[in-house]
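Observations on the model geometry
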Amino acid sequence: KYDEEGPPLFGSGIISARDLDDVVLEFIEGQLTGEGLELVGPGEDERPCAGAPFPLELTIRTNVRGAPVAGASVVVTAQQPGDAGRGRQIFQGATDDTGRIATILMVPADLGGGSIYIEAKGEGGMVDATLEVV
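In what follows, the accompanying structure is described. All figures in this text were calculated on a predicted structure; none of them were measured in a lab. (Residues numbered from 1 in each chain as written. Predicted model: local features only at pLDDT ≥ 70, side-chain atom pairs only at ≥ 80, totals over all residues. Heavy atoms only, no water.)

**A look at the overall build of the protein chain**
Across its full length, the protein chain holds 1 helix and 7 strands. Counting from the amino terminus, the protein chain carries its helices and strands in the arrangement α-β-β-β-β-β-β-β. Each of the 134 residues in the protein chain was classed as buried or not, and the buried ones make up 26%. Considering only residue pairs separated by 6 or more positions, the protein chain has 58% of its internal contacts joining residues 24 or more positions apart. Carbon together with sulfur atoms contributes 53% to the accessible area of the protein chain, which is approximately 8900 Å² in total. (Helix = DSSP H or I, 4+ residues; strand = E, 2+ residues; numbered from the N terminus. Buried < 20%, exposed > 50% of the residue type's maximum accessible area, 1.4 Å probe, protein only. Contact = heavy atoms within 4.5 Å. Areas by Shrake-Rupley, 256 points an atom, 1.4 Å probe, with all protein chains shown as cover.)

**Remarks on the sheet that holds strand β1 (residues 37-40)**
Read from one edge of the open sheet, 3 strands run β1-β2-β5, paired in antiparallel fashion. What marks the edges here is a single partner per strand, and that holds for β1 and β5 (100-106). Going from strand to strand, the sheet's axes swing by 25° on average, the running direction of each strand aside. With 4 bridges joining them, β1 and strand β2 (residues 53-62) adopt antiparallel strand pairing. Looking across to β2, one finds that Glu38 is bridged to Arg61. (Pairing = 2+ DSSP bridges. Axes fitted to C-alpha atoms, helices over the stretch in contact; angles between N-to-C directions.)

**Focus: the sheet that holds strand β6 (residues 115-122)**
Strand pairing in a sheet is mediated by backbone hydrogen bonds. Such pairs are either parallel or antiparallel. Taken in spatial order, the 4 strands make up an open sheet running β4-β3-β6-β7, and their pairing is antiparallel. This sheet does not close on itself; its edge strands, each paired only once, are β4 (88-94) and β7 (125-132). For this sheet, the mean inter-axis angle between neighbouring strands, taken without regard to orientation, is 15°. Summarising the sheet, β6 and β7 pair through 8 bridges and their orientation is antiparallel. By the bridge assignment for β7, Glu119 is matched with Asp128.

**Looking at the side chain of Thr77**
Mapped onto the secondary structure, Thr77 falls in strand β3 (residues 73-79). A relative accessible area of 13% places Thr77 in the buried class. Discounting residues that sit within four places of it in the chain, Thr77 has contacts with Gly87, Arg88, Gln89, Ile90, Ser115, Ile116 and Tyr117.

**A look at the pattern of salt bridges**
Applying the stated criterion to the full structure yields 4 salt bridges. Ionic pairing is found between Arg61 and Glu38, a salt bridge with its closest N-O pair at 2.7 Å. Of the two residues, Arg61 is situated in strand β2 and Glu38 in strand β1; the sequence distance between them amounts to 23 residues. Judged by relative accessible area, which is 30%, Glu38 ranks as partly exposed. Glu57 is paired through a salt bridge with Arg100; the nearest N and O atoms lie 3.0 Å apart. One end of the pair, Glu57, is in strand β2; the other, Arg100, is in strand β5, with 43 residues separating them in the sequence. Residue Arg100 is classed as partly exposed on the basis of its relative accessible area, which comes to 35%. (Salt bridge = Lys/Arg side-chain N within 4 Å of Asp/Glu carboxyl O.)

**Points about the environment of Gly93**
Checked against the element boundaries, Gly93 lands in strand β4. In this structure, the C-alpha to C-alpha distance between Gly93 and Val74, residues 19 residues apart in sequence, is 5.3 Å. Each residue touching Gly93, except ones within four places of it in the same chain, is listed here: Ala72, Ser73, Val74 and Ile101.

Coordinates in, geometry out; function isn't part of it.
Written as structure tokens, this is what we have:
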């Protein structure tokens, strides 16, 4: 079918009368309001061993700006294999002013093949991670 008006001009719907500073500021504000949390913790090669102490150092920060989240609640649970959603709490604490928390976990001896579940809640939401126990 023939369109009398023809195709839309290049950039229509994208180009605006606003200046670049306004566009960038609107984008940044939109990112900040949707900012969540990020958990930075042990590397993939660091795995807890059943029956052994495990040094756990975590940092909770915002996922856009990377700002530390002070006072985030951190709960660590030991979960047996096949224990979906249930487990024993083995640590609870809160992050300091730099968004960090450090402890030495006593990994239960009967946890081989299970996992350590870490959950952090703070301003901006919740974040979690799971470590497999060897």
